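Spelled out from the first residue to the last, the chains are:
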Number of protein chains: 2
Amino acid sequence: MIYDLTVPQFIKGLHNLSALLDKGAQYAETKKFDVEVLLNSRLAPDQFPLTRQIQITCDTAKLCASRLAMKDAPVHPDTEKTLPELKARIASVISYLETFTAKDYSEAATRHITNPRWDGQYLTGEEFVVHHAIPNFYFHMTTAYSILRHNGVEVGKKDYLGKMPYKR
Amino acid sequence: MIYDLTVPQFIKGLHNLSALLDKGAQYAETKKFDVEVLLNSRLAPDQFPLTRQIQITCDTAKLCASRLAMKDAPVHPDTEKTLPELKARIASVISYLETFTAKDYSEAATRHITNPRWDGQYLTGEEFVVHHAIPNFYFHMTTAYSILRHNGVEVGKKDYLGKMPYKR
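These notes cover the structure that comes with them. (Residues numbered from 1 in each chain as written. Chains lettered and ligands numbered in written order. Predicted model: local features only at pLDDT ≥ 70, side-chain atom pairs only at ≥ 80, totals over all residues. Heavy atoms only, no water.)

## Some details on the side chain of Q55(A)
All names here are of chain A. By secondary structure assignment, the location of Q55 is in helix 3 (residues 50-69). A relative accessible area of 4% means that Q55 is categorised as buried. Here the side chain of Q55 touches R52 through a polar contact of 3.1 Å, side chain to side chain. Residue contacts for Q55: discarding those within four places in its chain leaves D78, T79, E80, L86 and R89. (Helix = DSSP H or I, 4+ residues; strand = E, 2+ residues; numbered from the N terminus. Buried < 20%, exposed > 50% of the residue type's maximum accessible area, 1.4 Å probe, protein only. Polar contact = N/O pair within 3.5 Å; in protein donor to acceptor, adjacent residues only side chain to side chain. Contact = heavy atoms within 4.5 Å.)

## Focus: the relation of the copies chain A and chain B
Expressed as a screw operation, the relation of chain A to chain B combines 0.0 Å of axial shift with a rotation of 180°, fitting to an RMSD of 0.0 Å. Each copy turns onto its partner about a two-fold axis. Of the residues that chain A buries at the interface, 100% are likewise interface residues in chain B, meaning the two copies contact each other through the same surface. (Least-squares fit on C-alpha atoms with pLDDT ≥ 70 in both.)

## Examining the nonpolar core
L14(A), Y105(A), L14(B) and Y105(B) are the most contacted members of the largest nonpolar core, which has 110 residues in total. Contact partners of L14(B), with chain neighbours within four places excluded, come to T57(B), C58(B), A61(B), I90(B), V93(B), I94(B), L97(B) and F137(B). (Core = buried A, V, L, I, M, F, W, Y, C linked by side-chain atoms within 4.5 Å.)

## A look at the packing of aromatic side chains
Within the structure shown, the criterion is met by 25 aromatic pairs over all chains. For the ring pair Y3(A) and Y105(A), a centre distance of 5.9 Å and an interplane angle of 50° mean the geometry is tilted. Of this pair, Y3(A) sits in helix 1 (residues 2-31) while Y105(A) sits in the loop between helix 4 (83-97) and strand 1 (112-114), and the two are 102 residues apart along the sequence. For Y3(A), a relative accessible area of 18% translates into the label buried. You can call Y105(A) buried: its relative accessible area is 5%. Residues Y160(A) and F139(B) carry aromatic rings whose centres are separated by 4.5 Å and whose planes lie at 45° to one another, so their mutual orientation is tilted. One end of the pair, Y160(A), is in helix 6 (residues 157-161); the other, F139(B), is in helix 5 (residues 125-150), on a second chain. Here the two residues Y160(A) and F139(B) agree in accessibility, since each one is buried. Members of the aromatic cluster, each reached through a chain of ring pairs, are F10(A), F137(A), Y138(A), F139(A), Y145(A), Y160(A), F10(B), F137(B), Y138(B), F139(B), Y145(B) and Y160(B). Over the face of the ring belonging to F48(A) we find R52(A), whose NZ or CZ atom lies 5.5 Å from the ring centre. (Phe/Tyr/Trp six-rings, centres within 6.5 Å; stacked < 30°, edge-to-face > 60°. Lys NZ or Arg CZ within 6 Å of the ring centre and 35° of its normal.)

## Regarding the pattern of salt bridges
This structure, assessed with the given rule, holds 24 salt bridges over all chains. A salt bridge links D119(A) to R168(B), with the nearest nitrogen and oxygen atoms 3.4 Å apart. Of this pair, D119(A) sits in the loop between strand 1 and strand 2 (122-124) while R168(B) sits in the segment after helix 6 (157-161), each in a different chain. For the pair D119(A) and R168(B), a shared accessibility class is recorded, and that class is exposed. Among the salt bridges present, the one from R111(B) reaches E107(B), with a minimum N-O distance of 3.9 Å. Using a relative accessible area of 18% as the deciding quantity, one classes R111(B) as buried. Sharing partners across several salt bridges, the network here consists of R52(A), D59(A), K62(A), D78(A), E80(A) and R89(A). (Salt bridge = Lys/Arg side-chain N within 4 Å of Asp/Glu carboxyl O.)

## Description of the environment of A88(A)
All names here are of chain A. For A88, the location among the structural elements is in helix 4. Take A88: its relative accessible area is 45%, and that puts it in the partly exposed class. Sequence separation of A88 and S18 is 70 residues, and the distance between their C-alpha atoms is 9.3 Å.

## Describing unusual backbone geometry
Residues and elements named next belong to chain B. One non-glycine residue, K32, lies in positive phi territory at about 60°. Within the secondary structure, K32 is located in the loop between helix 1 (2-31) and helix 2 (36-39). Taking the relative accessible area as the measure of exposure, K32 reaches 75% and is therefore exposed. Backbone geometry places M70, a non-glycine residue, at a positive phi of 55°. By secondary structure assignment, the location of M70 is in the loop between helix 3 (50-69) and helix 4 (83-97).

Shown next, in the form of structure tokens:
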């Protein structure tokens, strides 16, 4: 279940995030301003701007996947300045996530996950997913959404949630 | 696992949300403005204000728990106007969530979850949790956080994430 909770949801969320950025680009074009204004926007002066929110959303997904599976992750040096670069970053992480299967996570729930900032402590893989990776992923994705929303981009909950697997 | 993913995390998130509101109240007191200004704030003119974000966060948790376990949920008529009333609403949902145990969710993953707005379609319990309840819960909680943050309340990621179950 660790796989189902993370990889496919992160892939879906990143596709939604990329589509949210497209709406931002359309809005900038309609209103005739440079889309980089949005990329540098934030909700508070001491908060990360949109660009950084996107980079952190990407890293949260990438590092969760790689740590749980004990596989190396591609390096992204956070140099993106433009919307196409940010969309490429998102696409790169989606491609990386797509290399995983449920089998890579067969031992993930009980694995000990560490972090240099945790002072020698650890979380189990399941705790890491439930207490850390999932809340963080949605936190930064929602903050990206809110920065766009606050600046007038016409985004709604459906853009955030994406398609639901409804059945009859 | 459906229980671990939802009930304890929602309880934790709601405690964190209540503490975020306390920080808002402290800020209002320091700056000498009425805390209801914060409760009526929003990030965009056509977005729900803080009060409604809190109510929806509460409902997302409550209805996820009740639907998955097929138990009746307490009714909350969305009449809260003040910070103590909103904190009582949060406390009421926490108390309700605390009545559940993992046993209540033993058949939840495969249960068919329906909604009047879904036009006769359904999601399995697992899909409902992963695609709907969790992303919605964090969406409204993060939006509440962002409204406070945008208005100058000194809240940070740790207030949102809360305590981590680190081990040595």
